[in-house]
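In case you want the letters, here they are:
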Amino acid sequence: MHLKEVNELAGLTKGHGLYFFENQEQYDTRVVDFVISGLEHGEYSIIVENDRMRPLIIRKLVKSVDENSLEKVKFINNFDFYYAKGDFSVNSIPDFLPSLIDGYSEPDVVIRSWAHVEWRDEQEITRKLIVSEQESDTIVAEAKFLAVCAYDFERVSQELIDGLINCHDFIINGKE
């Protein structure tokens, strides 16, 4: 399988993307660019992120968009999202929408999601992550929305990288 490499997020409207990051500042900028691109398309952005990084992203967002636009950006704690069932597993962003978006009605809302994938130290995590990403790929394809999965490059093995490449449509270039 050949993975398409993209440098810009602005033109993306659907698909399942993969992003490996090494630099916190660059990561925050990518998330903000992702959100701004969605706002320009009239889309909601669901950001699955940890409690440490969320305030950094919000601080950058506040400098870039108006308060009304921020209402279209919703955050979910990534550990609550991935461990909702007690063990690492994928959950469907569309399943979370009614609780995140006031007045949600499916035909009216276009969403995109950015998920910072993190995990506890546990056995078989590489297999669980790959299975989760395969399930995510099916969900994204059926829902026809844009989803990016972000991984801290220092935490991924070559085996995991190889598995992740096989269940994403494109990879976001990590270089500025």
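The rules behind the values
- Residues numbered from 1 in each chain as written.
- Predicted model: local features only at pLDDT ≥ 70, side-chain atom pairs only at ≥ 80, totals over all residues.
- Heavy atoms only, no water.
- Buried < 20%, exposed > 50% of the residue type's maximum accessible area, 1.4 Å probe, protein only.
- Helix = DSSP H or I, 4+ residues; strand = E, 2+ residues; numbered from the N terminus.
- Pairing = 2+ DSSP bridges.
- Salt bridge = Lys/Arg side-chain N within 4 Å of Asp/Glu carboxyl O.
- Phe/Tyr/Trp six-rings, centres within 6.5 Å; stacked < 30°, edge-to-face > 60°.
- Lys NZ or Arg CZ within 6 Å of the ring centre and 35° of its normal.
- Disulfide = S-S within 2.5 Å.
- pLDDT = per-residue confidence, 0-100.

Draft legend 1. Structural context of the pairing of strand β5 (residues 111–116). With 6 of 6 residues buried, β5 lies mostly within the body of the structure. Direction of pairing for strand β3 (residues 44–49) relative to β5: parallel, over a ladder of 5 bridges. Within the sheet, the bridge partner assigned to I46 lies in β5 and is S113. Both β5 and strand β6 (residues 146–152) contribute to a ladder of 5 bridges, which runs parallel. Considered in β6, the bridge of H116 is made with A150.

Draft legend 2. Main features of the pattern of salt bridges. Applying the stated rule across the entire model yields 5 salt bridges. Across the pair R54 and D51 runs a salt bridge whose closest N-O atoms are separated by 2.5 Å. A relative accessible area of 46% means that D51 is categorised as partly exposed. Linking E124 and R127 is a salt bridge whose minimum nitrogen-to-oxygen distance equals 2.9 Å. The exposure class of R127 is partly exposed, given its relative accessible area of 46%.

Draft legend 3. Representation of the pairing of β3 in the model. With respect to burial, β3 is a largely interior element, 6 of its 6 residues being buried. Burial along β3 is two-sided: the face carrying Y44, I46 and V48 and the face carrying S45, I47 and E49 are both buried.

Draft legend 4. Expanded view of the packing of aromatic side chains. Under the definition given, this model contains 13 aromatic pairs. A ring pair is formed by Y82 and F88, whose centres lie 5.0 Å apart and whose planes are at 5°; its orientation type is stacked. Relative accessible area serves as the criterion here: at 5%, F88 is assigned to the buried category. Between the aromatic rings of W119 and Y151, the centroid separation amounts to 6.1 Å while the plane-to-plane angle is 50°, which identifies the pairing as tilted. Within this pair, whereas W119 is found in the loop between β5 and α6 (125–143), its partner Y151 is found in strand β6, the two being separated by 32 residues in sequence. The exposure class of W119 is buried, given its relative accessible area of 8%. Members of the aromatic cluster, connected to one another through ring pairs, are Y19, F21, Y27, F34 and W114. The ring of Y83 is capped by R120, whose NZ or CZ atom sits 3.9 Å from the centre of that ring.

Draft legend 5. How the structure looks around the state of the cysteines. Under the criterion given, the structure shown has 0 disulfides. Here C149 stays unpaired: no disulfide links it, and the sulfur of C167, its closest cysteine neighbor, is 8.1 Å away. We classify C149 as buried; its relative accessible area is 6%. Look at C167 and you get buried, because its relative accessible area is 4%.

Draft legend 6. Fine view of the confidence of the model for the protein. Per-residue pLDDT for the protein has a mean of 86; in total, 86% of the residues score no lower than 70. At the low end of the mean pLDDT range in the protein sits helix α5 (residues 93–100), at 65; at the high end sits helix α2 (residues 54–64), at 96.

Draft legend 7. Expanded view of unusual backbone geometry. The phi dihedral of K144 is positive, around 55°, even though this residue is not glycine. One can find K144 in the loop between α6 and β6. For K144, a relative accessible area of 61% corresponds to the exposed category.

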